Amino acid sequence: MTNATSVHQSGRIAAAVVSLFAPAAVVLISFFLWRDTLPPAIASHWSGFGAADDAMPPGVFLAVSLGMTGIAAIAGAIVALWPGVNASTRRAVLLVAGIIAGMGAQTWLTSTLLTMQAGDPYDVVLGWWSLLSVIALAYGLVPFYLSPKPILVARDVPSRLDFAPGENGAWSRTVTAYLFVWIAVALVALEGILIGVSLANGDTSTVLFALVVMAIVIVILVSFSRFRVTADWRGLRVVSSLFRVPIKRIRLEDIEMVEAGELRPTEWGGWGYRLMPGRSALILRKGPGLIVTTRNQKQFALTLDDPGVPAALLATLRDDTRPKVA
Amino acid sequence: MLFRVDASSSVSLAHQISTQVRASVTSGDLAPGERLPPARDLAQALRVNMHTVLRAYAELRDEGVIEMRQGRGAFVRQDASPGLIRVTELAAQLVHEAQKLGMTQLEIAQLITKAGPA
């Protein structure tokens, strides 16, 4: 990395960190601007679409808002400036911290302004103002995009398969992800306990909703628990064995590099199906796996016991489809 | 597992597939109980007719290497040991050589009976 690039990157990180503190600054500045006109209590809680059902003194509400915006900003800044932190992790943390900080500032501004307009905090109706929370969520994108993009490190598998003219090859393997099976079992057990407690307390209103939500989560987990990985002339395909739902498809012509490497969950955002900007992964454990880098600079990683053969096959098929350089 | 088929080979495509499955079970690349790709998927992946894959699977089922479960696909049999597969291959070779000599099925069976322990 050149000095100019390094300075540019440091500048972007600094700008991203500064943007994290903007929501806290907005809360503080607005407090000092409004302090003489603030009502004795500010609406702080709504149940449903009606008027507020709880309120807080301005000082307490300010402390809560500053806590939410400030702690998110400080935590995000510490991680962003931590020596050796990789760009993907930094961006992900800045996104989450930005969302929390944005929500904190939005809650303060909306509640305080509406209470000042209504006079009585218990007359405050959120209505369409609740849509502001969506904009507040989007604030996370500010530090996210200010932070430098990760530089993808990609290598191509050196080995190739020796196909005779007219010969064709395909690789296929069914993978069982016990991780998802055990999580599903644990969720069923937890759900059973929670429903039992709810029924024992005579609270039947939430049981049906909880059952539906949990059933959806369990179906998703089970669909990931066994999948078939295929590498052939079409590219790489990962399909759920149970419902035949495509989990990932990368066309052969889109493959830039394919590598059989060592996957570490900490480098891919943890265990399970991970979705990150520009990267996705199905990580079941620390160990060997397949890493595919596409021509539009996106990466997909997949835990596999024997990634060498599918990597070599995909590289061979990809090379065969490309025009030969004279 | 890796499947390779060569359309220019004199060996039928179905036999090429069944030979590779057999070899993978022998080498341990395919473990007992492991599921083989659905015939339709493998046919698409290798760009061969689905009936070619079904013929290969039927051959392996008849040899006792795999079992077909209704609606669930083809699985390597739990008792599909490398030894059984080796004996199956030798039996196929014996039948092939005997047929070249013009021997009937009955004569081959009698030959095997005679070769057995008294």
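Being a predicted model, the structure only gives us computed values, none of them experimental. (Residues numbered from 1 in each chain as written. Chains lettered and ligands numbered in written order. Predicted model: local features only at pLDDT ≥ 70, side-chain atom pairs only at ≥ 80, totals over all residues.)

Any details on the overall build of chain A? Residues and values, ideally.
What chain A contains, in helices and strands, is eight helices and 11 strands. Within chain A, the proportion of its 326 residues that are buried is 32%. Nonlocal contacts in chain A, meaning residues at least 24 apart in sequence, comprise 65% of its contacts between residues at least 6 apart. (Helix = DSSP H or I, 4+ residues; strand = E, 2+ residues; numbered from the N terminus. Buried ≥ 20, exposed ≤ 12 C-beta atoms within 10 Å, placed from the backbone. Contact = placed C-beta atoms within 7 Å.)

Pulling in residues and values, what's your account of the sheet that holds strand 3 (residues 167-176) of chain A?
Pairing between the strands of a sheet is mediated by backbone hydrogen bonds and can be parallel or antiparallel. Read across the sheet, five strands follow the order 6(A)-5(A)-4(A)-3(A)-1(B) without closing on themselves; strand pairing throughout is antiparallel. Strands at the two margins of the open sheet, each flanked by one partner only, are strand 6 (246-251) of chain A together with strand 1 (2-6) of chain B. Taken pair by pair, the neighbouring strands of this sheet meet at an average axis angle of 15°, ignoring direction. Of the pairings in the sheet, the one linking strand 5 (residues 235-240) of chain A to strand 6 of chain A comprises five bridges and is antiparallel in character. Across the sheet, residue Gly-235 of chain A finds its bridge partner in strand 6 of chain A, namely Arg-251 of chain A. Along the sheet, helix 8 (residues 308-321) of chain A makes contact with strand 3, strand 4 (226-232) and strand 5 of chain A together with strand 1 of chain B, crossing strand 3 of chain A at roughly 145°. (Pairing = 2+ DSSP bridges. Axes fitted to C-alpha atoms, helices over the stretch in contact; angles between N-to-C directions.)

Could you give an account of unusual backbone geometry, naming the residues involved and the relevant values?
Where the residue is not glycine, phi is negative for most of them; where a peptide bond is considered, it is trans in most cases. The residue Gln-297 of chain A is not glycine, and still its phi comes out positive at about 60°. Tracing the backbone through its elements, the reader meets Gln-297 of chain A in the loop between strand 10 (287-294) and strand 11 (299-303). Taking the C-beta count within 10 Å as the criterion, Gln-297 of chain A has 12 such neighbours and is therefore assigned exposed. For Arg-47 of chain B, which is not a glycine, the phi torsion comes out positive at approximately 55°. Examined against the element boundaries, Arg-47 of chain B turns out to sit in the loop between helix 2 (39-46) and helix 3 (50-62). Of the residues examined, Arg-47 of chain B has 13 C-beta atoms within 10 Å and is grouped as partly exposed.

Tell me what's going on with the packing of helix 2 (residues 58-81) of chain A against helix 3 (residues 87-118) of chain A, and back it up with residues and numbers.
Residues and elements named next belong to chain A. At a closest axis distance of 8 Å, the pairing of helix 2 and helix 3 adopts a crossing angle of 165°. Our classification of the angle between helix 2 and helix 3 gives roughly antiparallel. Two packed elements cross with a definite hand, and for helix 2 against helix 3 that hand is left-handed. On helix 3, the residues that touch Ser-65, Met-68, Thr-69, Ala-72, Ala-73, Ala-75, Gly-76, Val-79 and Ala-80 of helix 2 are Arg-90, Val-93, Leu-94, Ala-97, Ile-100, Ala-101, Gly-104, Ala-105, Thr-107 and Trp-108. In the contact of helix 2 with helix 3, the residues fall into 13 nonpolar, five polar and one charged. (Parallel < 35°, antiparallel > 145°, perpendicular 65-115°, else oblique. Left-handed = near helix turned anticlockwise from the far one by under 90°. Nonpolar A, V, L, I, M, F, W, Y, C, P; charged D, E, K, R; others polar.)

Outline the nonpolar core, supporting the account with residue identities and numerical values.
Soluble globular proteins: nonpolar side chains tend toward being buried together. Residues and elements named next belong to chain A. Judged by nonpolar contacts, the single largest core of 60 residues is most densely connected at Ala-301, Leu-302 and Leu-314. The dominant element in this core, judged by the number of residues it contributes, is helix 8, at seven residues. Residue contacts for Leu-302: discarding those within four places in its chain leaves Val-229, Val-238, Ala-281, Leu-282, Gly-289 and Leu-290. Membership of the second largest hydrophobic core comes to 25 residues, among which are Leu-20, Met-68, Val-142 and Leu-146. (Core = buried A, V, L, I, M, F, W, Y, C linked by C-beta atoms within 7 Å.)

Describe the sheet that holds strand 10 of chain A, listing the residues and the values that go with them.
Residues and elements named next belong to chain A. Spatial ordering of the open sheet is given by 7-10-11-9-8, a layout of five strands whose pairing is mixed. Looking at which strands have only one partner, the edges of the open sheet turn out to be strand 7 (255-263) and strand 8 (272-276). If you compare each strand with its neighbour and ignore which way they point, the axes differ by 15° on average. Judged from the eight bridges that link them, strand 7 and strand 10 form a sheet pairing that is antiparallel. Bridging from a neighbouring strand, Val-258 pairs with Val-292 of strand 10. The strands that helix 8 touches are strand 7 and strand 10; relative to strand 7, the one it contacts most, it runs at about 170°.

I'd like to hear about helix 2 of chain B, residue by residue, with values.
In terms of burial, helix 2 of chain B is largely enclosed, as six of its eight residues are buried. Turning to helix 2 of chain B, its buried residues are Ala-39, Asp-41, Leu-42, Ala-43, Ala-45 and Leu-46 of chain B.

Kindly report on the confidence of the model for chain B, identifying the contributing residues and their values.
When pLDDT is averaged along chain B, the result is 87; 98% of the residues meet or exceed 70. For this predicted complex, the interface confidence comes out at an ipTM of 0.76, alongside a pTM of 0.67. (pLDDT = per-residue confidence, 0-100.)

Run through the packing of helix 2 of chain B against helix 3 of chain B, naming residues and quoting values.
Residue and element names in this part refer to chain B. Packing of helix 2 against helix 3 brings their axes to within 8 Å, and their N-to-C directions diverge by 120°. Here helix 3 runs oblique to helix 2, going by the angle between their axes. Helix-helix and strand crossings are classified by hand; for helix 2 and helix 3 the assignment is right-handed. Packed against helix 2, whose contacting residues are Ala-39, Arg-40, Leu-42 and Ala-43, the element helix 3 presents Met-50, Thr-52, Val-53, Leu-54 and Tyr-57 at the interface. Split by residue class, the contact of helix 2 with helix 3 holds seven nonpolar, one polar and one charged.

I'd like to hear about the environment of Val-79 of chain A, residue by residue, with values.
Residues and elements named next belong to chain A. Relative to the elements of secondary structure, Val-79 occurs in helix 2. The spacing of Val-79 and Arg-90 is 11 residues in sequence and 6.6 Å in space, taken between C-alpha atoms. The residues contacting Val-79, other than those within four sequence positions of it, are Val-85, Arg-90 and Val-93.

With reference to specific residues and values, describe the pairing of strand 9 (residues 279-283) of chain A.
All names here are of chain A. Bridge analysis of strand 8 against strand 9 gives five bridges, and the strand direction is antiparallel. Among the inter-strand pairings, Gly-272 is bridged to a residue of strand 9, identified as Ile-283. Between strand 8 and the antiparallel strand that follows it, strand 9, lie two residues; Gly-278 among them carries a positive phi value of about 80°. Inspection of the sheet shows strand 9 paired to strand 11 by four bridges, in the parallel sense. Bridging across to strand 11, Leu-282 finds its partner in Leu-302.

Give a description of the interface of chain A and chain B that names residues and reports values.
With 16 residues of chain A at the contact, the number on the chain B side is 16 residues. Listing elements by their share of the side of chain A that touches chain B, those giving two or more residues are strand 3, strand 4 and helix 8 of chain A. Counting residues per element, the side of chain A that touches chain B draws most heavily on strand 3 of chain A, at eight residues. Considering only residue class, the side of chain A that touches chain B consists of six nonpolar, six polar and four charged.

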